[in-house]
Amino acid sequence: QDLMALHSYNPLDDLYNHYPHSLRNIDELCASIVRSHRETSQYRLEELQALRWKMFSREEIQAYQSKTVDEMWQHCAVRLTEAVQYVVEFAKHIPGFRMLSQNDQIALLKTGSMEVVLVRMCRFFNTENNTVFFDGKFAGTEVFKSLACGDLIAAVFDFAHGMCALKLTEQQLALFSALVLINADRPSLEDRVRVQRVHRSVEVGLTHILHRDNHDSLLHKLYQRMAVLRSLCSLHMEKLRWFSQRYPLTAHSLFPPLYKELFA
Ligand code: CLR
């Protein structure tokens, strides 16, 4: 009985014992996560590469800068919410995610979806001129001036820069995103053990991919990035609280429902 339980616990644990069937499971797990990432990533890398030098003109930048604080917040909240919706789709196709209770799926998305959006941001970032793809063109930090949270924007751009420096492949990025999302330390989880189990299998998958790519040393750096992500997201929440206090009406009636549901 116990042995059966142990065996069904997690076949991926056997990876480094070279059980052929577990290797196949890992490959399948990685393949599903990579497929899900690809199908929900909005733009292919080649497309973004081709758009790389499409920048906002001085007039367009000025138009963003002359928006009021609440207009610009609302605008960004809409953009962020779109990005979050793709992350929700991504999550649904991570093997094991749908098996979690609805409560736990929501708990993971509540704290993790913004982190995954920020991880994904590196695909949309041009390190040569520190710009991010936003509203169809590449935007520098000055475009976000009217949000009145320069420290958050600077930290987010910094993070994107650091992620780009790791030069992750799409597969590595897919597995890392899944690892960030399936985190057993999130508050208000019902079944931590089950989340931990899914987390472990994704971790084995990422380790496997990094090993195959001869990049084992990346794992440590990725764990460091996860700590930075956590602090960025609490800064985002702090700004959101500040904003909701100053502009309760916009926050209450003009923010997308999903944005409110996840972050408020
Ligand atoms: C991230 C990767 C997604 C596509 C995407 C959509 C919206 C972008 C986001 C990316 C990066 C961060 C972003 C956001 C819109 C506004 C936000 C540029 C590229 C900036 C940092 C402003 C945040 C403002 C909050 C404080 C409301 O697949």
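Everything that follows concerns the structure shown earlier in this document.
Overview of the structure. (Residues numbered from 1 in each chain as written. Predicted model: local features only at pLDDT ≥ 70, side-chain atom pairs only at ≥ 80, totals over all residues. Heavy atoms only, no water.)

**What about the overall build of the chain?**
Reasoning step 1: Summing up its helical and strand segments, the chain has 12 helices and 3 strands in all.
Reasoning step 2: In terms of overall dimensions, the chain is globule-like: its C-alpha atoms have a radius of gyration of 20 Å, near the 18 Å expected for 264 residues.
Reasoning step 3: A total of 264 residues make up the chain; the buried ones form 47% of that total.
Reasoning step 4: Contacts in the chain between residues at least 24 apart in sequence constitute 78% of all its contacts with a sequence separation of at least 6.
Reasoning step 5: Carbon and sulfur atoms provide 54% of the accessible area of the chain, an area that totals close to 13700 Å².
Reasoning step 6: Here the chain contributes 30 positively and 30 negatively charged side chains, and the mean placements of these two sets differ by 3 Å. (Helix = DSSP H or I, 4+ residues; strand = E, 2+ residues; numbered from the N terminus. Rg over C-alpha atoms; globule rule 2.2 N^0.38 Å. Buried < 20%, exposed > 50% of the residue type's maximum accessible area, 1.4 Å probe, protein only. Contact = heavy atoms within 4.5 Å. Areas by Shrake-Rupley, 256 points an atom, 1.4 Å probe, with all protein chains shown as cover. Lys, Arg positive; Asp, Glu negative; His and termini not counted. Charge placed at Lys NZ, Arg CZ, Asp CG, Glu CD.)

**Brief notes about helix α5 (residues 69-92)**
Reasoning step 1: Here α5 contains 24 residues, and its C-alpha end-to-end distance of 34 Å stays within 8% of the 34 Å for a straight helix at 1.5 Å per residue.
Reasoning step 2: Turning to α5, its buried residues number three or more, namely Val69, Met72, Trp73, Cys76, Ala77, Thr81, Ala83, Val84, Val87, Val88, Phe90 and Ala91. (Expected span 1.5 Å × (residues − 1).)

**Remarks on the pairing of strand β2 (residues 131-134)**
Side-chain positions along a regular strand alternate between the two faces of the sheet.
Reasoning step 1: The side-chain alternation of β2 yields two buried faces, one formed by Thr131 and Phe133 and the other by Val132 and Phe134.
Reasoning step 2: Bridge analysis of strand β1 (residues 125-126) against β2 gives 2 bridges, and the strand direction is antiparallel. Residue pairing in the sheet places Asn126 in a bridge with Thr131 of β2.
Reasoning step 3: Relative to strand β3 (residues 137-139), β2 runs antiparallel, the two sharing 3 bridges. Paired with Phe133 across the two strands is Phe138, which belongs to β3.
Reasoning step 4: Once β2 ends, the chain turns through 2 residues before running back antiparallel as β3, passing Asp135 with a positive phi of about 55°. (Pairing = 2+ DSSP bridges.)

**Notes on the site of the ligand**
Reasoning step 1: Around the ligand, 18 residues are found, and the nearest of them are Gln42, Trp73, Val117, Phe124 and Leu152.
Reasoning step 2: One of the side-chain nitrogen or oxygen atoms of Gln42 is found 2.9 Å away from an oxygen atom of the ligand.
Reasoning step 3: In isolation the ligand offers 610 Å² of accessible surface; the protein chains occlude 96% of this area.
Reasoning step 4: Of all elements in the fold, only α5, α6 (102-120), β2 and α7 (150-165) reach the threshold of two or more residues within the shell around the ligand. (Near = heavy atom within 4 Å. Polar contact = N/O pair within 3.5 Å; in protein donor to acceptor, adjacent residues only side chain to side chain.)

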